[in-house]
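Architecture and fold: a report
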Amino acid sequence: MPLFGRRLPPTPEEQHAARVAPARARAALDAYAAHDQEARRAQMDVDVYGRPGRPYSDPERAVLAAEARDRHAARAAEHLAEHRRQAALAPAEPAPKSGRLTRRFLGGGS
């Protein structure tokens, strides 16, 4: 708890975590997308091979695909949670500067 309403300066560990958070958030989002894509592909296998009465029906393959789907969906959820944690640690994006001030201080414009 801050003393007398003041915030304490960030520790070196917190500074490092904030510095690497954007890259870690992007990596976690990429991993989420890959596992989500694999989960969707496995679901298509379940849909195709799990239909009884078809010449291409293969219940064993459908069960294996369902297990793979569940495994990839769980990993995707973990990566999405990690992305959200890292995104919360990342410093806020700076607000865009107005064009008028930028042109004035750079010596151009009206």
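Residues numbered from 1 in each chain as written. Predicted model: local features only at pLDDT ≥ 70, side-chain atom pairs only at ≥ 80, totals over all residues. Heavy atoms only, no water.

**Observations regarding the overall build of the chain**
Basically, it comes down to this: Secondary structure elements are taken from DSSP: a helix is a run of H or I of four residues or more, a strand is a run of E of two residues or more, and numbering for both begins at the N terminus. Think of it in three bands: with a 1.4 Å probe and only protein chains considered, a residue is buried below 20% of the maximum accessible area for its type, exposed above 50%, and partly exposed in between. Whether two residues are in contact is decided by their heavy atoms, any of which lying within 4.5 Å being enough. A 1.4 Å probe and the Shrake-Rupley method give the accessible areas. Residues count as covered only by the protein chains that appear here.
When its secondary structure is counted, the chain shows 3 helices and 0 strands. Relative to its full complement of 110 residues, the chain shows a buried share of 16%. Here the contacts in the chain between residues at least 6 apart in sequence split such that 66% fall between residues at least 24 apart. Counting every atom, the chain has about 9100 Å² of accessible surface; 58% of that belongs to carbon and sulfur.

**Examining helix H1 (residues 12-49)**
Basically, it comes down to this: To estimate the expected span of a helix, count its residues, drop one, and scale the result by 1.5 Å. Across the chain, bend at a residue is computed as the angle between axes fitted to the seven residues ending at that point and the seven starting from it.
With 38 residues, H1 should cover 56 Å at 1.5 Å per step; its first-to-last C-alpha distance of 54 Å lies within 8% of that length. Of all bends in H1, the biggest is about 45°, found at Ala21, and the proline Pro22 comes one to four residues later. For H1, the complete set of buried residues consists of Ala21, Ala25, Ala28, His35, Ala39, Ala42, Val46 and Tyr49.

**A closer look at the confidence of the model for the chain**
For any part of a model where pLDDT is low, the fine detail of the predicted coordinates should not be relied upon. Applicable threshold: By definition, pLDDT measures how confident the predictor is in each residue, and it falls between 0 and 100.
Model confidence for the chain is summarised by a mean pLDDT of 87, while 85% of its residues fall at 70 or above. Here helix H3 (residues 99-106) is the element of the chain with the lowest mean pLDDT, 57, and helix H2 (residues 59-89) is the one with the highest, 96.

**Considering the environment of Ala34**
Along the chain, Ala34 falls in helix H1. When its relative accessible area of 40% is taken as the criterion, Ala34 is described as partly exposed. The sequence separation of Ala34 and Ala76 amounts to 42 residues, and the corresponding C-alpha distance is 7.9 Å.

**What to know about H2**
It helps to recall that an α-helix has 3.6 residues per turn; residues three or four apart then point in one direction. If you check H2, its first and last C-alpha atoms are 45 Å apart, about what 31 residues at 1.5 Å a residue would give, namely 45 Å. All of the buried residues along H2 are Ala62, Ala65, Ala66, Ala68, His72, Ala76, His79, His83 and Gln86. Close packing links the buried residues of H2 with H1.

**With respect to the environment of Ala21**
Relative to the assigned elements, Ala21 resides in helix H1. Among the residues examined, Ala21 registers a relative accessible area of 0% and is labelled buried. Put simply, Ala21 and Leu89 are 68 residues apart on the chain and 6.0 Å apart in space, counted from C-alpha to C-alpha. Ala21 has contacts with Gln86, Leu89 and Ala90, leaving out every residue within four places of it along the chain.

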